[in-house]
Amino acid sequence: MSGQWIEIPASQVIDKQDGEEIEPFDRTSRVEVDKDGFVPLERLAEYKFKEVYQLGPDTDKKVKETVSRVKQLARYLLEKQTALVAFFSWGRGYQFYTAVIYPYERKDGMMWLLMGMSEGILQLDQAWSLEAEEEKSAKLAPVPQARKKPKVTISK
């Protein structure tokens, strides 16, 4: 009442989401794609990417992952013209993203496996579409999104 700020101890603060108490979570240790977590490559433009990362093999001697394993995944996705969609948590906190893993190949044959961190999907109102042909406005399948309360493997 005196116009000064009073700090509330952390022990008296509770974070809630949809009425349930939640705690901050750590970085995801594994990216797990559900069986319906696929999207055609032409739908990538519908995701709003915050950041994009290049993926590579884990070169740790204990893991023993080879470069060919990552190349095989990139080639498979390119052949099927599809991308993988999964949940991803970056750092400690409450923020989670939809991770979209997709191949990128240049005309000269150079190829990368990329992961785009998306916070959402572009939801454009079809009523304002400038498309002249109404036949082309066929209904598209829904784009997979991360769940509100994802099931993930959390690192220790």
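Residues numbered from 1 in each chain as written. Predicted model: local features only at pLDDT ≥ 70, side-chain atom pairs only at ≥ 80, totals over all residues. Heavy atoms only, no water.

> Run through unusual backbone geometry, naming residues and quoting values.
Even without being a glycine, Q81 presents a positive backbone phi close to 50°. Its place among the elements puts Q81 in the loop between α1 (67-80) and β5 (82-89). Judged by relative accessible area, Q81 falls into the partly exposed class, the value being 42%. (Helix = DSSP H or I, 4+ residues; strand = E, 2+ residues; numbered from the N terminus. Buried < 20%, exposed > 50% of the residue type's maximum accessible area, 1.4 Å probe, protein only.)

> Break down the environment of V31 for me, citing the residues and quoting the values.
Among the structural elements, V31 can be located in the loop between β2 (20-21) and β3 (38-40). Considered as a pair, V31 and A86 are 55 residues apart in the sequence and their alpha carbons are 6.5 Å apart.

> Please give an account of a nonpolar patch on the surface that cites residues and values.
Together, V31, V33 and F38 make up an exposed nonpolar region whose accessible area comes to about 200 Å². Mapped onto the elements, F38 comes out in strand β3. Assessed through its relative accessible area of 40%, F38 is described here as partly exposed. (Patch = residues over 30% accessible without salt bridge, like charges linked within 9 Å, V, L, I, M, F, W, Y side chains within 5 Å. Areas by Shrake-Rupley, 256 points an atom, 1.4 Å probe, with all protein chains shown as cover. Salt bridge = Lys/Arg side-chain N within 4 Å of Asp/Glu carboxyl O.)

> Explain the packing of aromatic side chains residue by residue, including any values.
One pass over the full model with this rule turns up 3 aromatic pairs. Where Y47 meets F49, the ring centres are 6.3 Å apart and the plane angle is 10°; that geometry is what we call stacked. Judged by its relative accessible area of 5%, Y47 falls in the buried class. Using a relative accessible area of 29% as the deciding quantity, one classes F49 as partly exposed. Aromatic ring contacts, followed pair by pair, group Y47, F49 and Y102 into a single cluster. (Phe/Tyr/Trp six-rings, centres within 6.5 Å; stacked < 30°, edge-to-face > 60°.)

> Describe in detail the sheet that holds strand β7 (residues 111-121), supporting the description with residues and values.
Strand order across the open sheet formed by 5 strands is β3-β5-β6-β7-β4, with antiparallel pairing between neighbours. In this open sheet, the two strands that pair with only one neighbour each are β3 and β4 (47-55). Direction aside, the axes of adjacent strands within the sheet are offset by 35° on average. Judged from the 3 bridges that link them, β3 and β5 form a sheet pairing that is antiparallel. (Pairing = 2+ DSSP bridges. Axes fitted to C-alpha atoms, helices over the stretch in contact; angles between N-to-C directions.)

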